[in-house]
Amino acid sequence: MSTTLLNYYEAIERASAEMLEAARTGNWDEVVKLEGACAVLISQLKSAAQNDALRAEEAKAKSKIMQRILLNDAEIRHLAEPWLEDLDQMMNGRPKVLH
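Residues numbered from 1 in each chain as written. Predicted model: local features only at pLDDT ≥ 70, side-chain atom pairs only at ≥ 80, totals over all residues. Heavy atoms only, no water.

**Q** I'm lost on the overall build of the chain in this one. Help?
**A** Check the secondary structure of the chain and you find three helices and zero strands. The helix and strand sequence of the chain, counted from the amino end, reads α-α-α. Looking at the chain as a whole, 26% of its 99 residues are labelled buried. (Helix = DSSP H or I, 4+ residues; strand = E, 2+ residues; numbered from the N terminus. Buried < 20%, exposed > 50% of the residue type's maximum accessible area, 1.4 Å probe, protein only.)

Structure representation (structure tokens):
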């Protein structure tokens, strides 16, 4: 039964990889959409985890999956920084300064 939990982690990893690809192409609407899908999967995982646990070998696989998710997330954040800075400037009424 704990394989189901691992399936959730794998689905979250796939969604995070898709988010990264969307971020690399500047498709921020898709990033937001996939972020919502991740939130649903995480909620489902939390619910399933209340009734199940990972075996030792699955916990190792989960650790590797989580590392890849964190790397994807870090790169997405790096790619989003200029976009977020532009958005912040727009929201505060400051024109973007070109150097």
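**Q** Looking at this model, I keep getting lost on the nonpolar core. Mind explaining?
**A** The tendency in soluble globular proteins is for nonpolar side chains to be buried side by side. Counting eleven residues, the largest nonpolar core is built from Ala15, Met19, Leu20, Ala22, Ala23, Trp28, Val31, Leu34, Cys38, Ile76 and Ala80. Taken together, the elements giving at least two residues each to this core come down to helix 1 (3-24), helix 2 (28-49) and helix 3 (56-91). Of all the elements, helix 1 adds the most residues to this core, at five residues. Tyr9, Ala11, Leu41 and Ile69 belong to the second largest nonpolar core, which has nine residues in total. (Core = buried A, V, L, I, M, F, W, Y, C linked by side-chain atoms within 4.5 Å.)

**Q** Is there a simple way to think about helix 1 in this case?
**A** Count 3.6 residues to each turn of an α-helix, and residues three or four apart come out pointing the same way. Here helix 1 is 22 residues long and its end C-alpha atoms lie 31 Å apart, about the 32 Å a rise of 1.5 Å per residue gives. Residues Leu5, Leu6, Tyr9, Ala11, Ile12, Glu13, Ala15, Ser16, Met19, Leu20, Ala22 and Ala23 constitute the buried set of helix 1. Of the residues flanking the end of helix 1, it is Gly26, one or two places downstream, whose phi is positive at about 80°. (Expected span 1.5 Å × (residues − 1).)

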